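Analysis of the macromolecular model
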Amino acid sequence: NSVAAIGAGTVEDFDTHVYLGTSSWMAAHLPYKKTDVLSALASIPCAIPNKYLLIALQATAGGNLSFLRDKILYNKDRLLREEKAKDVFEIFDKIAEEVPAGSRGVIYTPWIWGERAPVEDYHLRAGYFNISLNNSREDMIRATFEGVAYNTRWLLQPFEKFIKQPVKRINLVGGGAQADIWCQIFADIMNVEINQMADPIYANARGAAWIGAVGIGEISFADIPSLAKVRRVYLPKPEHRQVYDEGFARFKRLYQKLKPIYRDLNQ
């Protein structure tokens, strides 16, 4: 977590990054130590002296796509009729681009391994909702992308309360940040500017190298924002505002309605 925050170029106070990997997190350096028990958020010691790193963890992000690939679309059972494609995530990206915002009404909740924040609830589980005979697996693929972004928007609310200011820009790193369509979906659903960092999958390695360079006196932490390169900037599309605001409201209602059912099923 500490090296990713440096590798994303977010070293100034309150500059925010999201790491989009198998799990994901939202993080920012702060000048103070603090804990929000109700939302399972805390700022902890980090790589920068006299600073703290706020980390808001989402239990499973890209892992939902891996599950969709390995257990549903390409599960090795008697229904399999083709070898698993090596570039299946690139295929997911292309399919998601072709499906309209809102996934034709399908909503996905990405709690496939419970959740850590903004609610700590190990009983939660994933699900696709509102599927009809008119839907297809293409809709389910885009809904998976959108569900992870909805969950991150849900996380944004206590995150902004914690740092006492709105987040206007997020540097996106991790393997999932290689997907252009996912970057745009994040911008649209969260209604913030998304910076897709160059070579986002190497954020951890970059961060470790830059921390080492600071340690031997080659650079300072103040130099790092200028070293972190942005591949592309994604702005929210106004035409998607209403569908995603409504979708997010439904996403939160699903949690409230299903919470007791999941607790009953999985305790």
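Note: the structure precedes this text.
Residues numbered from 1 in each chain as written. Predicted model: local features only at pLDDT ≥ 70, side-chain atom pairs only at ≥ 80, totals over all residues. Heavy atoms only, no water.

**A word on the overall build of the protein**
- Each helix and strand counted, the protein has 8 helices and 10 strands in total.
- For 267 residues, the compact-globule estimate of 2.2 N^0.38 gives 18 Å, and the C-alpha radius of gyration of the protein, at 19 Å, lies within 12% of that figure.
- Counting across all 267 residues of the protein, residues that qualify as buried make up 51%.
- Looking at the protein alone, contacts between residues at least 24 apart form 71% of all its contacts between residues at least 6 apart.
- Accessible surface for the protein amounts to roughly 13,300 Å². Of this, 52% is attributable to carbon and sulfur atoms.
- Taken together, the 33 basic and 30 acidic charged side chains of the protein have centroids lying 4 Å from each other. (Helix = DSSP H or I, 4+ residues; strand = E, 2+ residues; numbered from the N terminus. Rg over C-alpha atoms; globule rule 2.2 N^0.38 Å. Buried < 20%, exposed > 50% of the residue type's maximum accessible area, 1.4 Å probe, protein only. Contact = heavy atoms within 4.5 Å. Areas by Shrake-Rupley, 256 points an atom, 1.4 Å probe, with all protein chains shown as cover. Lys, Arg positive; Asp, Glu negative; His and termini not counted. Charge placed at Lys NZ, Arg CZ, Asp CG, Glu CD.)

**Quick look at the nonpolar core**
- The biggest cluster of nonpolar side chains holds 61 residues, and the ones touching the most others in it are Phe145, Trp182 and Ile194.
- The leading source of residues in this core is helix H4 (residues 137-163), at 13 residues.
- Ignoring anything within four residues of it in the chain, the contact list for Phe145 reads Leu65, Phe92, Asp93, Ala96, Ile181, Trp182 and Ile185. (Core = buried A, V, L, I, M, F, W, Y, C linked by side-chain atoms within 4.5 Å.)

**Looking at the packing of helix H2 (residues 62-73) against helix H3 (residues 88-98)**
- In the contact formed by H2 and H3, the axes pass within 11 Å of each other and the chain directions differ by 105°. The angle between H2 and H3 places the two elements in the roughly perpendicular class. On H3, the residues that touch Leu65, Ser66, Leu68, Arg69 and Leu73 of H2 are Val88, Phe89 and Phe92.
- For the contact of H2 with H3, the residue count by class is 6 nonpolar, 1 polar and 1 charged. (Axes fitted to C-alpha atoms, helices over the stretch in contact; angles between N-to-C directions. Parallel < 35°, antiparallel > 145°, perpendicular 65-115°, else oblique. Nonpolar A, V, L, I, M, F, W, Y, C, P; charged D, E, K, R; others polar.)

**A word on the packing of aromatic side chains**
- Applying the stated rule across the entire model yields 13 aromatic pairs.
- When the ring of Tyr150 is compared with that of Phe248, the centres are 6.5 Å apart and the planes differ by 25°; the resulting orientation is stacked. You can see Tyr150 sitting in helix H4 and its partner Phe248 sitting in helix H8 (residues 241-266), a full 98 residues away along the chain.
- Cation over ring: Lys164 sits above Tyr32, and NZ or CZ is 5.7 Å from the ring centre. (Phe/Tyr/Trp six-rings, centres within 6.5 Å; stacked < 30°, edge-to-face > 60°. Lys NZ or Arg CZ within 6 Å of the ring centre and 35° of its normal.)

**Quick look at H3**
- Among the residues making up H3, those that are buried are Val88, Phe92, Asp93, Ile95 and Ala96.
- Contacts from the buried residues of H3 go to H2, H4 and helix H5 (180-190).

**Here's the deal with the pairing of strand E2 (residues 24-30)**
- Buried residues dominate E2, accounting for 7 of its 7 residues.
- Burial of the side chains of E2 extends over both faces: Ser24, Met26, Ala28 and Leu30 are buried on one face and Trp25, Ala27 and His29 on the other.
- Two strands pair when backbone bridges link them, and strand E1 (residues 16-20) and E2 are joined in this way by 5 bridges, in the antiparallel orientation. Residue pairing in the sheet places Tyr19 in a bridge with Trp25 of E2.
- Where E1 folds back onto E2 in an antiparallel hairpin, the turn is made up of 3 residues.
- In the sheet, E2 pairs with strand E5 (residues 52-58) via 7 bridges, with the strands oriented antiparallel. Bridge pairing in E5 links Leu30 to Tyr52. (Pairing = 2+ DSSP bridges.)

**Side note on a nonpolar patch on the surface**
- Together, Val230, Val233 and Leu235 line one region of the surface with nonpolar side chains, adding up to about 250 Å² of accessible area.
- Residue classification places Leu235 among the exposed positions, given a relative accessible area of 52%. (Patch = residues over 30% accessible without salt bridge, like charges linked within 9 Å, V, L, I, M, F, W, Y side chains within 5 Å. Salt bridge = Lys/Arg side-chain N within 4 Å of Asp/Glu carboxyl O.)

**Concerning the sheet that holds strand E8 (residues 169-173)**
- Read from one edge of the open sheet, 8 strands run E3-E4-E5-E2-E1-E8-E9-E10, paired in mixed fashion. Of all the strands in the sheet, just strand E3 (35-36) and strand E10 (230-234) have a single pairing partner and so form its edges.

**Section: the pattern of salt bridges**
- Taken as a whole and judged by the stated rule, the model has 11 salt bridges.
- Asp121 is the salt-bridge partner of Arg263, the closest N and O atoms lying 4.0 Å from each other. Residue Arg263 is found in helix H8, and its partner Asp121 is found in the loop between strand E6 (107-109) and strand E7 (127-129); the two are separated by 142 residues along the sequence.
- The class of Asp121 is buried, set by a relative accessible area of 4%.

**Side note on the pairing of strand E4 (residues 41-45)**
- Where E3 and E4 come together, 2 bridges link them in antiparallel fashion. If you follow Asp36 over to E4, its bridge partner there is Leu41.
- Where E3 folds back onto E4 in an antiparallel hairpin, the turn is made up of 4 residues, including Ala40, whose phi is positive at roughly 60°.
- Bridge count for E4 against E5 is 4 bridges, and the pairing is antiparallel. Within E5, the residue paired with Ser43 across the bridge is Leu54.
- Between E4 and the antiparallel strand that follows it, E5, lie 6 residues; Asn50 among them carries a positive phi value of about 65°.

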